[in-house]
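Chain by chain, the residues run as shown.
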Amino acid sequence: MEGVVTIVQESRFQLTDDDGVGHLFILGYLCGTETGQLPTLQRHQSRVRVSYKPAPNLIGNVASSIEVAV
Amino acid sequence: MDTHPRALEQTASHLRGPIPDESELTAHVLIEPGKSYGFFTDTTVCIGCKACEVACKEWNNLPADNMGLTGQSFDNTGALSANSWRHVAFVEQADLRGPPRSGLDANTRSGCGHASQGGGGVRGNNQPAYQSGWLMLSDVCKHCHNAPCLEACPTGALFKTEFDTVVIQQDICNGCGYCVPACPFGVVDLSTADGKAHKCTLCYDRLKGGLEPACSKSCPTDSIQFGELSDLQQRAAARVETLHGLGVGNAYLYGTPGAPGATGGLGHLNAFFLLTDRPERYNFPVAPTRASNRVAPALTAGLATVATLALAALALFAAEAPGRKK
């Protein structure tokens, strides 16, 4: 999924896609991105590509990798 | 009602940005580092609207969890967890006391000053329980003065902030989970999504920005009050006196110095409660303790056991030795 990181709280972030829909993600423990890197992505409004899988029993997804989309 | 002087500063409909020290307007308190802040939750005015739960989830970007219905009254949150930092408990009570006996009021019948059935006081009679038959309480991390979770943390991820609250630093937490059993209130939880411990931060980021926490700001009845701890404790003591005067003799504080809840070396709780029934009814421990209190007795018992077994083994070998020679 591609979009812009709009909200960051600890290891959770909201990705807003091209249709303006917000999706909640949680950094998975195997994700290479650290908690401290998320605020930078949000500040720069960087376009990112997130690989994920749905979190069990949660309305949210677990991000397994985050790449800056070119 | 008097208008706060600072409210006159904001005359435009559209704000350019956050109001500096907004907490002065919303909670009548100026948030300054170095002072103790907390919550006073008055359960007698909680209406169970769950605005606090929603505000917490919204501000902290927490995902909805526990899909489906629990079957437990109106409570579908179930309990505090890694993704639910506020939990509104609905304790439904049947009025099983029967008709009042002459010469005994509701509080006397219930024993030890706390009503065991029904709300007590407000409707201490034999009418069918309705509104007074519900106990509602917005549970949250207590931000203990001597926090057992903080003492148990081996990495230093848990720390005391400049506002005397307890926060987990997510980039330092290694997910060992030692803090989970250390908490006497069952607040801290490990997330299955990221493997780290999570709990209420008392909106640390909001406090740094001069805003009161989201839950207390959203509470429509002021059941959750945010403020400086000493001020809140005075306010709570006055509220108990008022309730006693109104006939709610079973009202008491849980978590203030010397009161139930502030036991076992915890000192006091920065998030304390006004209750009208026994703590167990609200799923609170009667006498919570620090886990570190049990380290010395457990270590002594362990060493004593090892010593006893060693002596027993020595005695056995000593008894065996002459037989072998024969």
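Throughout what follows, the structure given in this document is the object of discussion. (Residues numbered from 1 in each chain as written. Chains lettered and ligands numbered in written order. Predicted model: local features only at pLDDT ≥ 70, side-chain atom pairs only at ≥ 80, totals over all residues. Heavy atoms only, no water.)

Moving on, we get to the overall build of chain B. Regarding its fold elements, chain B presents nine helices and ten strands. Across the 326 residues of chain B, 45% fall into the buried class. Intrachain contacts of chain B at a sequence separation of at least 6 include 65% that bridge at least 24 residues. Surface summary for chain B: the accessible area is close to 15900 Å², and the carbon and sulfur share equals 58%. (Helix = DSSP H or I, 4+ residues; strand = E, 2+ residues; numbered from the N terminus. Buried < 20%, exposed > 50% of the residue type's maximum accessible area, 1.4 Å probe, protein only. Contact = heavy atoms within 4.5 Å. Areas by Shrake-Rupley, 256 points an atom, 1.4 Å probe, with all protein chains shown as cover.)

Below, the discussion takes up the overall build of chain A. Helix and strand content of chain A: one helix and five strands. Taken from N to C terminus, the helices and strands of chain A fall in the order β-β-β-α-β-β. Relative to its full complement of 70 residues, chain A shows a buried share of 46%. For chain A, the computed accessible surface area is about 3700 Å², with 52% contributed by carbon and sulfur atoms.

Time to look at the interface of chain B and chain A. Each partner contributes to the interface: chain B provides 21 residues, whereas chain A provides 17 residues. Between chain B and chain A the total buried area reaches about 1600 Å² when both faces are included, carbon and sulfur atoms providing 53% of it. Where chain B meets chain A, there are zero salt bridges. At the junction of chain B and chain A, the tally comes to eight residue pairs in polar contact (both at pLDDT 80 or more). (Buried area = accessible area lost by both parts, 1.4 Å probe. Salt bridge = Lys/Arg side-chain N within 4 Å of Asp/Glu carboxyl O. Polar contact = N/O pair within 3.5 Å; in protein donor to acceptor, adjacent residues only side chain to side chain.)

Think of an α-helix as turning once every 3.6 residues; residues three or four places apart then point the same way. Listed as buried for helix H2 (residues 51-60) of chain B are Cys52, Glu53, Ala55, Cys56, Lys57 and Asn60 of chain B. Those residues of H2 of chain B that are buried are in contact with strand E1 (2-9) and strand E2 (12-16) of chain A together with strand E2 (87-92), strand E3 (134-139), helix H7 (214-218) and strand E8 (224-228) of chain B.

All names here are of chain B. Taking 1.5 Å as the rise per residue, helix H8 (residues 229-245) with 17 residues should run 24 Å; its terminal C-alpha atoms sit 24 Å apart, in good agreement. Of all the residues in H8, the buried ones are Leu229, Leu232, Ala236, Val240 and Leu243. Angular distribution of buried residues about the axis of H8 spans 80°; they occupy a single face of the element. Along H8, exposed side chains directed more than 90 degrees from the buried face belong to Gln234, Glu241 and Gly245. For H8, the secondary structure elements touched by its buried residues are strand E1 (37-42), E8, strand E9 (252-254) and strand E10 (271-275). (Expected span 1.5 Å × (residues − 1). Arc of directions from axis to C-beta.)

Turning to the state of the cysteines, a few remarks are in order. Applying the stated rule across the entire model yields zero disulfides over all chains. Free cysteine Cys219 of chain B: the closest other cysteine sulfur is in Cys49 of chain B, separated by 6.2 Å. (Disulfide = S-S within 2.5 Å.)

Once that is clear, we can look at the nonpolar core. Phe39, Phe185, Phe226 and Leu275 of chain B are the most contacted members of the largest nonpolar core, which has 54 residues in total. If you tally residues by element for this core, the top one is E3 of chain B, at four residues. Core analysis: the next-biggest nonpolar cluster, separate from the first, contains twelve residues, Val5, Cys31, Leu38 and Leu41 of chain A among them. (Core = buried A, V, L, I, M, F, W, Y, C linked by side-chain atoms within 4.5 Å.)

The subject of this paragraph is the pairing of E10 of chain B. Residues and elements named next belong to chain B. Summarising burial for E10: five of the five residues are buried, a large majority. The alternating pattern of E10 places Ala271, Phe273 and Leu275 and Phe272 and Leu274 on opposite faces, both of which are buried. Sheet analysis places E9 next to E10, joined by three bridges and oriented antiparallel. The residue bridging Tyr252 from the neighbouring strand is Leu275, located in E10. (Pairing = 2+ DSSP bridges.)

A few words on the sheet that holds E8 of chain B. All names here are of chain B. On the basis of which strands lie adjacent, the open sheet formed by four strands has the order E8-E1-E10-E9 and mixed pairing. The strands lining the two open edges of the sheet, one partner per strand, are E8 and E9. Within the sheet, the average angular offset between the axes of one strand and its neighbour, ignoring direction, is 25°. With respect to the sheet, H8 is in contact with E1, E8, E9 and E10, its orientation differing from that of E8 by roughly 135°. (Axes fitted to C-alpha atoms, helices over the stretch in contact; angles between N-to-C directions.)

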